[in-house]
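Listed below, chain by chain, are the residues.
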Amino acid sequence: MAMYGIPVLVLKEGTRRTIGREALRGNIAAARALAEVLRTSLGPRGLDKMLVDSFGDVTVTNDGATIVKEMEVQHPAAKLLVEVAKAQDAEVGDGTTSAVVLAGAFLAKAEELLDQNIHPSIIIEGYTKALRESLKILSDIAYKVKPTDRESLKKVVMTTISSKYIGGNVISNKLADMTIEAALTVAEPREDGTYDFRTDDVKIEKKKGGNVIDTQLIKGIVIDKEVVHPGMPRRIEDAKIALLDAALEVEKPEITAKINITSPELIKAFLDEEANLLKEMVEKIAATGANVVICQKGIDEVAQHFLAKKGIMAVRRVKRSDLEKLERASGGKIVSSVRDLKPEDLGYAKLVEERRIGNDKMVFIEGCKNPKAVTILIRGANDMVMDEIERSLKDALNVLRNVMKAPKIVPGGGAVEIELATRLREFAAKVGGKEQLAIEAFASAIEEIPLILAESSGKDPLETLMKLRQLHSEGKKYAGIDVVTGEIRENMIEHNVIEPLLVKESMVKTAAEAAITILKIDDIIAASPVKK
Ligand code: ADP
């Protein structure tokens, strides 16, 4: 209706609007581009990425979640994939690379269907059905393990550790054993016979220097601080520990008061007064029977001197989180004022000792009242190495937690994906119609993971895929690819490449949901960027 000829402005000037297929294609392209970046990082033969942030800080990693978090992604659809990685990381803490790669594959396959003029709503419907069916199939493939069986746990942990850190077998084995020991120490049994723990119950400390092989597990808490005064003992057995979050200092007045000092005697009196107050504080602490003081704030030099004279070991400026961990570990109570400190507030540990680690000193608190306190002390030549070890240990702890919480495992090395795809294709045939095509596309997308694993092992990916499909159609549902040698194995579980069911469930779910979200968008309305 050109009757009035007055354009109606609904959107603010400068707003960019992309609609329909153009919007959808643009989104798919952006999301696929991001997934493409992660493709080469998948699996034990995956390569690392070097990320340089705007301050010039460098991160070298193979961990999907870290890569996408550090990349400064601009496109809104690609940002959605970043969310996929974060969701997977938050939910199960592993399988992030796979989830992002899979979301990219779902979208790539959807694009092929769009090319054949299949409407997005049919693809969405097909994908939704395929997702539901996938979860059923996964729980059917999975099999139960005992949640505290070290041998099964080791296999699962080795699968994740060896795909993150190629530090040789000796190191991987040591790290795996250490995380299992740590997890078994902190895990609490639940009513249904499974176990649970919080991954940050395992304290991780890093100290530069030495070799990764020197990384150690301590049954207790390690604090990255040294004993404050040279006259204090370095080792205390049967430690009774006072946990203070107040400073052992005399409070200075807020406003600088003007004191008229007219004679040297007055200065002395003034200082004596301060020293007396500090001495009183120390005496109060000593009277409770404490022989170790762990303080969140500062400790005045005069107070240090009095503590040393009483044979009390003290550490100052300890992180709040460490103090809280110590509270749980030692059975003590954090006290905010020395005046309120009572003998029953003291924590207990068999041994508190300052030890030299590399060029530094750290305080070890071992044999705590609560035996569930553990620390892993990472060593390594530089921060980048230690950070990557920390990420693998955290992944390993997450994987352990997943298996202990839901003690069901599936075969890795692409086996579970091929089986899933095989059964999804059977399901697609039953559904029929155009949705069948979408479910088949979903199945092919899942096979992207074994394809990449085959590729990274140096084998011909398609040939490997065909062989694996053949084995699975013959009922060998655990057949997969050993990425290290490139061989096809009939039973990945026997071959010790194993993953928790939870990780694979979450991988398919977060990836499919992200792809569906992107497919539902047909209109992008972007406000003009704020001018700086
Ligand atoms: P994600 O971030 O998705 O966990 P990874 O780089 O850890 O990515 O790779 C995990 C994939 O590598 C899984 O599919 C797992 O089954 C596979 N994988 C790990 N170790 C092996 C192995 N030795 N042989 C074959 N596949 C393996």
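About the cut-offs
- Residues numbered from 1 in each chain as written.
- Predicted model: local features only at pLDDT ≥ 70, side-chain atom pairs only at ≥ 80, totals over all residues.
- Heavy atoms only, no water.
- Helix = DSSP H or I, 4+ residues; strand = E, 2+ residues; numbered from the N terminus.
- Polar contact = N/O pair within 3.5 Å; in protein donor to acceptor, adjacent residues only side chain to side chain.
- Contact = heavy atoms within 4.5 Å.
- Buried < 20%, exposed > 50% of the residue type's maximum accessible area, 1.4 Å probe, protein only.
- Axes fitted to C-alpha atoms, helices over the stretch in contact; angles between N-to-C directions.
- Parallel < 35°, antiparallel > 145°, perpendicular 65-115°, else oblique.
- Left-handed = near helix turned anticlockwise from the far one by under 90°.
- Expected span 1.5 Å × (residues − 1).
- Disulfide = S-S within 2.5 Å.
- Salt bridge = Lys/Arg side-chain N within 4 Å of Asp/Glu carboxyl O.
- Pairing = 2+ DSSP bridges.
- Core = buried A, V, L, I, M, F, W, Y, C linked by side-chain atoms within 4.5 Å.
- pLDDT = per-residue confidence, 0-100.
- Patch = residues over 30% accessible without salt bridge, like charges linked within 9 Å, V, L, I, M, F, W, Y side chains within 5 Å.
- Areas by Shrake-Rupley, 256 points an atom, 1.4 Å probe, with all protein chains shown as cover.
- 1 Å grid on protein atoms, 1.4 Å probe; cavity = no way out; pocket = protein on both sides within 12 Å on 5 of 7 lines; lining within 4 Å.
- Points joined across faces, edges and corners; volume = space filled by probe spheres on them.
- Nonpolar A, V, L, I, M, F, W, Y, C, P; charged D, E, K, R; others polar.

Asker: Could you clarify how one ought to interpret the side chain of Asn 291 in this entry?
Answerer: With respect to the helices and strands, Asn 291 occurs in the loop between α8 (264–287) and β11 (292–295). A distance of 3.4 Å separates the side chain of Asn 291 from the backbone oxygen of Asp 238, its partner in a polar contact. With near-sequence residues (within four places) excluded, Asn 291 lies in contact with Ile 236, Glu 237, Asp 238, Ala 239, Lys 240, Gly 311, Ile 312 and Met 313.

Asker: Looking at this structure, I do not really get the environment of Val 58. What am I missing?
Answerer: Along the chain, Val 58 turns up in strand β3 (residues 58–61). Note on Val 58: relative accessible area 34%, which makes it partly exposed. As for Val 58 and Phe 197, which are separated by 139 residues in sequence, their C-alpha atoms are 32 Å apart.

Asker: Is there a simple way to explain the packing of helix α4 (residues 96–115) against helix α5 (residues 120–141) in this structure?
Answerer: The packing of two helices is summarised by the inter-axis angle and the distance between the axes. One can describe the packing of α4 onto α5 by two numbers: an axis separation of 10 Å at closest approach and a directional angle of 140°. One finds that α4 runs oblique with respect to α5. Handedness of the α4/α5 crossing: right-handed. For the pair α4 and α5, the contacting residues are Phe 106, Lys 109, Ala 110, Leu 113 and Leu 114 in the first and Pro 120, Ile 123 and Tyr 127 in the second.

Asker: Hey, could you run me through the environment of Ala 65 in this one?
Answerer: With respect to the helices, strands and loops of the structure, Ala 65 is situated in helix α2 (residues 64–70). Given a relative accessible area of 1%, Ala 65 falls into the buried group. For Ala 65 and Ile 299, which are 234 residues apart along the polypeptide, the C-alpha to C-alpha distance reads 41 Å. Not counting residues within four places of it along the chain, the set of residues in contact with Ala 65 comprises Ala 85, Asp 89 and Thr 96.

Asker: Quick question: what am I supposed to make of α5 here?
Answerer: A turn of α-helix holds 3.6 residues, and therefore any two residues three or four places apart point the same way. With 22 residues, α5 extends 31 Å from end C-alpha to end C-alpha; this agrees with the ideal 32 Å at 1.5 Å per step. Within α5, burial applies to Pro 120, Ile 123, Ile 124, Gly 126, Tyr 127, Ala 130, Leu 131, Glu 133, Ser 134, Ile 137, Leu 138 and Ile 141.

Asker: Just checking my understanding: could you explain the packing of helix α3 (residues 76–91) against α4 for this structure?
Answerer: The interhelical angle for the contact between α3 and α4, taken along N-to-C directions, is 145°, at an axis separation of 9 Å. Crossing hand, α3 versus α4: right-handed. For the pair formed by α3 and α4, the contact residues are Leu 81, Val 84, Ala 85, Gln 88 and Asp 89 on the first element and Thr 96, Ala 99, Val 100, Ala 103 and Gly 104 on the second.

Asker: Even after reading the chapter, I still don't get the state of the cysteines, so can you show me in this structure?
Answerer: Here a disulfide denotes a covalent bond joining the sulfur atom of one cysteine to the sulfur atom of another. Summed over the entire model, instances satisfying the criterion amount to zero disulfides. Here Cys 295 is not disulfide-linked; the sulfur of Cys 368 is the nearest cysteine sulfur, at 19 Å. Since its relative accessible area comes to 10%, Cys 368 is described here as buried.

Asker: Would you mind showing me how to read the pattern of salt bridges here?
Answerer: Close approach of charged atoms allows side chains with opposite charge to pair. In this structure the tally under the stated criterion is 41 salt bridges. Here Asp 196 ties to Arg 401 by a salt bridge, and the two come within 2.9 Å at their closest N and O atoms. Placement of Asp 196 in strand β6 (residues 195–196) and of Arg 401 in helix α11 (residues 383–405) is noted, with a sequence separation of 205 residues between them. Residue Asp 196 is classed as partly exposed on the basis of its relative accessible area, which comes to 21%. Taken together, the salt bridges that share partners define one network made up of Arg 235, Glu 237, Glu 353, Arg 355 and Glu 366.

Asker: In this structure, what is going on with helix α12 (residues 415–431)? I would like to understand it.
Answerer: The first and last C-alpha atoms of α12 sit 24 Å apart over 17 residues, in line with the 24 Å expected at 1.5 Å per residue. Here α12 has its buried residues at Ala 415, Val 416, Glu 417, Ile 418, Glu 419, Leu 420, Ala 421, Thr 422, Arg 423, Leu 424, Phe 427 and Ala 428. Following α12 by one or two positions, Gly 432 has its phi on the positive side, about 70°.

Asker: When you look at the sheet that holds strand β17 (residues 408–411) in this model, what are you seeing that I'm missing?
Answerer: Within a sheet, adjacent strands bond to each other through the backbone by hydrogen bonds, running parallel or antiparallel. Strand order in the open sheet formed by three strands is β4-β17-β20, and the pairing between neighbours is antiparallel. The open sheet has two edge strands with one neighbour each: β4 (143–144) and β20 (498–500). Summarising the sheet, β17 and β20 pair through three bridges and their orientation is antiparallel. When the bridges of β20 are listed, Val 410 appears paired with Glu 499.

Asker: Honestly, the nonpolar core in this entry has me stumped. Any pointers?
Answerer: Looking at soluble globular proteins, one finds that nonpolar side chains tend to be buried together. Within the largest apolar cluster, 104 residues are counted, with the highest numbers of intra-cluster contacts made by Leu 81, Phe 106, Tyr 127, Leu 424, Phe 442 and Leu 519. Broken down by element, the residue count for this core peaks at eleven residues, all from α4. Apart from residues lying up to four places away in sequence, Tyr 127 is in contact with Phe 106, Lys 109, Ala 110, Ala 438, Ala 441, Phe 442, Ile 516 and Leu 519. Grouped together as the second largest cluster of nonpolar side chains are 45 residues, Leu 278, Ala 290, Leu 326 and Ile 365 included.

Asker: Got a minute to help me understand the sheet that holds strand β7 (residues 202–208) in this structure?
Answerer: Read from one edge of the open sheet, three strands run β7-β16-β8, paired in mixed fashion. At either margin of the open sheet sits one strand with a lone partner, and together these are β7 and β8 (216–218). Each adjacent strand pair in this sheet contributes to an overall mean axis angle of 25°, direction not counted. Inspection of the sheet shows β8 paired to strand β16 (residues 374–380) by three bridges, in the antiparallel sense. Each residue of the ladder has a partner; that of Leu 217, found in β16, is Ile 376. Lying on the sheet, helix α7 (residues 169–186) is in contact with β7, β8 and β16; it crosses β16 at an angle near 160°. Sitting on the sheet, α11 is in contact with β7 and β16, with an inclination near 165° to β7.

Asker: Hey, could you run me through the confidence of the model for the protein in this one?
Answerer: The predicted coordinates should not be examined in detail at positions where pLDDT is low. On average, residues of the protein score 90 in pLDDT, and 95% of them reach the 70 mark or higher. This complex was scored by the predictor with a pTM of 0.81 and an ipTM of 0.96.

Asker: What am I meant to see in a nonpolar patch on the surface here?
Answerer: Taken together, the side chains of Met 50, Val 52, Val 58 and Met 384 make up a nonpolar region of the molecular surface, amounting to roughly 370 Å² of accessible area. Positionally, Met 50 belongs in strand β2 (residues 49–52). Judged by relative accessible area, which is 60%, Met 50 ranks as exposed.

Asker: Help me understand the layout of surface pockets in this model?
Answerer: Unoccupied space between atoms shows up once a probe the size of one water molecule is rolled over them. Roughly 420 Å³ of internal volume is contained in the second largest pocket. Lining the second largest pocket are 13 residues, with Glu 249, Met 281, Ser 337, Val 338 and Arg 339 positioned closest to its centre. Taken together, the residues of the lining of the second largest pocket break down into six nonpolar, two polar and five charged.

Asker: Any chance you could explain unusual backbone geometry here in plain terms?
Answerer: What you tend to see is this: most non-glycine residues have negative phi, and most peptide bonds are trans. Even without being glycine, Asn 117 reaches a positive phi, approximately 65°. Relative to the assigned elements, Asn 117 resides in the loop between α4 and α5. With a phi close to 50°, Asp 238 is a non-glycine residue in the positive phi region. Taking relative accessible area as the criterion, Asp 238 reaches 43% and is therefore assigned partly exposed.

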